[in-house]
Amino acid sequence: MCSEVNCILYSARCYGDTCQDLCVAVGTVFNEILVWSLSGQRVNNRVSVAVTLRGHEGVVFSVRFSNHGDQLCSVSDDRSVRLWQLPSNYSNQSGVVVSQALIVLYGHTARIWDAIVLPKGIISVGEDAACRMWSLSGECMQVVEGHRGRGIWSMCINKDNNEVITGGADGSIRTNSLTPLDVGVAKSLATSWEVYLPENRKPQSLVLCDDVTALVLTTAGYLYKVKLDRCLSGSCELLEADPTYAAYSVMSLSPTGGHLVMGNLLGGMKLLPLPYHGVNSLHCSAHTGKVFSLHWTKLGLLITCGPDGHMCCWRLHDDKRLIKMADWLLPWCKHRWLSAVTEGPSHHIVCGDKKGSIHLYRLPSDGDGHLVEPLLTLKGIHGPSGVTHLCYNNGHVYSTGRDGFCRQYELNQSGSLVELAKCKVFKGLEWIEKLLFADRHQLVVGFHSVDFVIFNVTENKMLYQCHCGGGHRSWDLYLPQQVLCDKATSVFGYIKEGRVHFKQLRLNVGSRIILEGSHGREITCVATLSNNEGSVCFATGSEDTSINVTEFNGNTLMCTYTANGHISTVRALSCCHGNGESLLFSGGGRALLKVWKVNILEGTGTNVAVVIHCVCHLCQLLLL
C-alpha cells in the first residue's frame, strides 16, 4: 500500500474477514484519513489510496470502522469526533476525496484519544478523563467521569453486558452501562413533568414527601398535594387555604415524613400531621416577627429562627404539641439567621448562619426563656455567602457552604470544635448545598452556574446534572435510603417561571470499578508509615496534588485513604513515629508545607488509615 505523500501515521485500523475483503484506514500527521482496499486498483504492484477523508484540523489519533464497514469514526487533536460515510463500492475506486463528515461532535475539553461507533451511538474518550456517549443525531446523552489525571487511554465494548470498559492514566479500569444510548431507557432514567396549579395560582415553595408525592404552597396561601404519577392540574388536591401564609412562608418536613411545619411573616407556626385531612393541625406563635427558617434534626428536634437572631428549640410531644426546650441567640452579623443545623454528641447542637459562621450550643433539660449565647463560634469559616448544610457522621461534624468547600471537624465532649480538613469538590462548583453519605459513598448536591448537580466525591464522577436556572429558587430533593441502588428512584423538584418542575431519576446506571487506580500523574515521593509483619503502609505524593495512603499485604496493593489540600505538586514526604501515631510532613509547590496526623486502624484483613490535617504553612515570597 502506498500514498502520494510519505508521512507519520498516528493510527490504523483494519476491517474484513479475508485478505480479499480487507480494508485499512489510517490517520496521518497531516490531518487526513486514508483508506485502502486490498482488492482495489494497483500502481506498480502497490495498492492505491481508495478514499481520502479531509476535515480534521489536527493530527488524527484514532480511526474505527462501523460494524458493517460502510462508516468510519475518527478523533483528532482538534478535539472533535467525526463520523464519515464511505462511498459505495469504494474498494474498486481510486483517488476519491470526501470533505464533508456526516456528524461533527464537540464537547471534550482536551485531546480525544479514541471513539467507537455503534449501531445506536458513538462513545468517545480523551485527555479530559471523560467518557462521552453520543446519539447518532449528535446529542450528548451522558458524560461519565471518574478517572483521575491525564485522561482515558483505552476502551472496549462488552456486548454481552451492554457496557463500555475504560482504562485510565490513573491505572484504574471502570465499566459503565450503555443504556443512556437507548432513548427509551434514557427517558426512564430521567423523566420530567411540569405542573400547572388550578386557576393559574403561582407556587412559592415546595416540599417532596416521597418519590410520588409533593406539597406545594402558593403565593395566595393555598397548600396543594401533587401526585407525581398524575401531574395534571386536576390531580392537585387542595389541602388547606390560609391567607396568613400568603406572599411569604417557609416549610420543612420532619425526618420521618410524618409532619409538615410552616412559618409565616407574622411569627406564626403551623404543624400539620401527614397525611393531612384538614384536622388536628397545631398553631402557635413562635416568634415576634418573621420566621426566617425552620430546621429539623435527625432525632426530631425542631429549630426555628426569628428576628434579631432569636432561635428556639422545640420537641414534639405525643405528636400533638410542641414543647420549647431552649432559647438561643445568634451573634450579631449582617445576615443574622439560621441556615443549617445538626446534632452532635453529649447534647450538643451545631448551627450555621447566613454569614458563614458555625456556632456550638448545648441543649438544656428545660427551657427557662433566657437567651443563651453559643459556647463556641467559628466566625466566617465558610465566607460571607453562608453555611448551607451541617451533618454528623462517624464521629465527625461536616459542613458545606457557598464558598465551594466541604469541611470536617472533631467535636469533643468538652465542647471544642476543631477543624480537621477541608476540600473543594471540583473546579467551578462554588455552591454546595448538601453533603450525603450513602453506601460508603460521599455525595455532594449543589449548583454549578445555572445547573443542578449531584456529584460522587468517592468515585470522582458526576451522577446527575440538569438545567434549572440556579439555586435562587425554592427546590427540594428526595433521595431513598438505598440511593445508589439500580432500582432506586430519586426526585428533584424546583419552581421556575411560575411552574413547578419535577424530574425523576436513577443515580446508578450500571457503573462499577473493576480495578482501583492510584495517582493520575507521576509519583514524586514515597514515605513509609508502618511496617508490620505481613503488611506495609506507605504514603505517596504526586503531580496531581494528592497524597495516597496505600497498604501492601504481600499480594495486593490497596489505597485506603486519599488526602487533598496541596495547591501544586507534592514534592517531598517525611514521617516520624511515636505513641502509636505518626506525623506525616508534606512539602509541595508554591512553598506549601503541611503536617498530617496518621492513625493506622488494624482491621480484619485490611488496615484503614485515618489522616487528619493538623497545620499548614505557606511561605510568601517577595520578588524584587
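Above this note sits the structure.
Residues numbered from 1 in each chain as written. Predicted model: local features only at pLDDT ≥ 70, side-chain atom pairs only at ≥ 80, totals over all residues. Heavy atoms only, no water.

A.B. asks: Describe the overall build of the protein chain, listing the residues and the values that go with them.
C.D. replies: Per the secondary structure count, the protein chain includes 1 helix and 56 strands. If you line up the protein chain on its principal axes, its C-alpha atoms span 105 × 70 × 55 Å. Within the protein chain, the proportion of its 624 residues that are buried is 52%. By sequence separation, contacts in the protein chain at least 24 residues apart represent 44% of the contacts at least 6 residues apart. For the protein chain, the exposed surface amounts to about 29300 Å²; the carbon and sulfur share of it is 50%. If you average the places of the 53 positive and of the 53 negative side-chain charges in the protein chain, the two averages end up 4 Å apart. (Helix = DSSP H or I, 4+ residues; strand = E, 2+ residues; numbered from the N terminus. Buried < 20%, exposed > 50% of the residue type's maximum accessible area, 1.4 Å probe, protein only. Contact = heavy atoms within 4.5 Å. Areas by Shrake-Rupley, 256 points an atom, 1.4 Å probe, with all protein chains shown as cover. Lys, Arg positive; Asp, Glu negative; His and termini not counted. Charge placed at Lys NZ, Arg CZ, Asp CG, Glu CD.)

A.B. asks: Before we move on, could you go through the pattern of salt bridges and cite the residues and values that matter?
C.D. replies: Within the structure shown, the criterion is met by 15 salt bridges. Here aspartate 78 makes a salt bridge to arginine 82, at a shortest N to O gap of 3.6 Å. Note on aspartate 78: relative accessible area 16%, which makes it buried. Classification of arginine 82 as buried rests on a relative accessible area of 9%. The shortest N-O distance in the salt bridge between glutamate 430 and lysine 424 comes to 3.2 Å. (Salt bridge = Lys/Arg side-chain N within 4 Å of Asp/Glu carboxyl O.)

A.B. asks: How would you summarise the sheet that holds strand 3 (residues 32–37) if you had to cite specific residues and measurements?
C.D. replies: Within a sheet, each strand pairs with its neighbour through backbone hydrogen bonds, oriented either parallel or antiparallel. The strand order across the open sheet built from 5 strands is 1-2-3-6-10, with neighbouring strands paired in mixed fashion. A strand with exactly one partner marks an edge of an open sheet, and here the two such strands are strand 1 (9–15) and strand 10 (96–98). Taking the axes of each pair of neighbouring strands and ignoring which way they run, one obtains an average angle of 20° across the sheet. (Pairing = 2+ DSSP bridges. Axes fitted to C-alpha atoms, helices over the stretch in contact; angles between N-to-C directions.)

A.B. asks: A description of the sheet that holds strand 39 (residues 405–411) should follow, citing residues and the corresponding values.
C.D. replies: With antiparallel pairing, the 4 strands of this open sheet are ordered in space as 37-38-39-40. With one partner strand each, in any of the chains shown, strand 37 (387–393) and strand 40 (417–424) form the two edges of the open sheet. Direction aside, neighbouring strands of the sheet carry axes that sit 20° apart on average. Here 4 bridges tie strand 38 (residues 396–401) to strand 39, and the two strands are oriented antiparallel to one another. Each residue of the ladder has a partner; that of serine 399, found in strand 39, is arginine 407.

A.B. asks: Report on the nonpolar core, specifying residues and quantitative values.
C.D. replies: Of all hydrophobic cores here, the largest spans 18 residues; its most connected members are Phe452, Ile454, Tyr464, Trp475, Leu477, Phe492 and Leu507. Those elements that place two or more of their residues in this core are strand 41 (431–438), strand 42 (441–448), strand 43 (451–456), strand 44 (461–467), strand 45 (475–478) and strand 46 (490–496). Apart from residues lying up to four places away in sequence, tryptophan 475 is in contact with Leu206, Glu433, Val445, Phe447, Phe452, Phe492, Gly493 and Tyr494. Core analysis: the second largest hydrophobic core is formed by 17 residues, Ile33, Ala50, Leu53 and Trp84 among them. (Core = buried A, V, L, I, M, F, W, Y, C linked by side-chain atoms within 4.5 Å.)

A.B. asks: Could you give me a rundown of the packing of aromatic side chains, with the residues and numbers involved?
C.D. replies: Applying the stated criterion across every chain yields a total of 15 aromatic pairs. Measuring from ring centre to ring centre gives 4.9 Å for tyrosine 398 and phenylalanine 437, while their planes differ by 55°; the resulting arrangement is tilted. Residue tyrosine 398 is found in strand 38, and its partner phenylalanine 437 is found in strand 41; the two are separated by 39 residues along the sequence. We classify tyrosine 398 as buried; its relative accessible area is 13%. Owing to a relative accessible area of 32%, phenylalanine 437 belongs among the partly exposed residues under this scheme. With 5.3 Å between their ring centres and 80° between their planes, phenylalanine 447 and tryptophan 475 make a pair best called edge-to-face. Of this pair, phenylalanine 447 sits in strand 42 while tryptophan 475 sits in strand 45, placing them 28 residues apart in sequence. Judged by relative accessible area, tryptophan 475 falls into the buried class, the value being 16%. An aromatic cluster is built from Trp431, Phe447, Phe452, Tyr464, Trp475, Phe492 and Tyr494, whose rings are joined through pairwise contacts. For the cation-ring pair, arginine 402 lies above tryptophan 431, with the distance from its terminal atom to the ring centre recorded as 3.9 Å. Between the NZ or CZ atom of lysine 424 and the centre of the ring of phenylalanine 405, over which it lies, the distance is 4.9 Å. (Phe/Tyr/Trp six-rings, centres within 6.5 Å; stacked < 30°, edge-to-face > 60°. Lys NZ or Arg CZ within 6 Å of the ring centre and 35° of its normal.)

Spatial relationships are all this shows, so hold off on functional conclusions.
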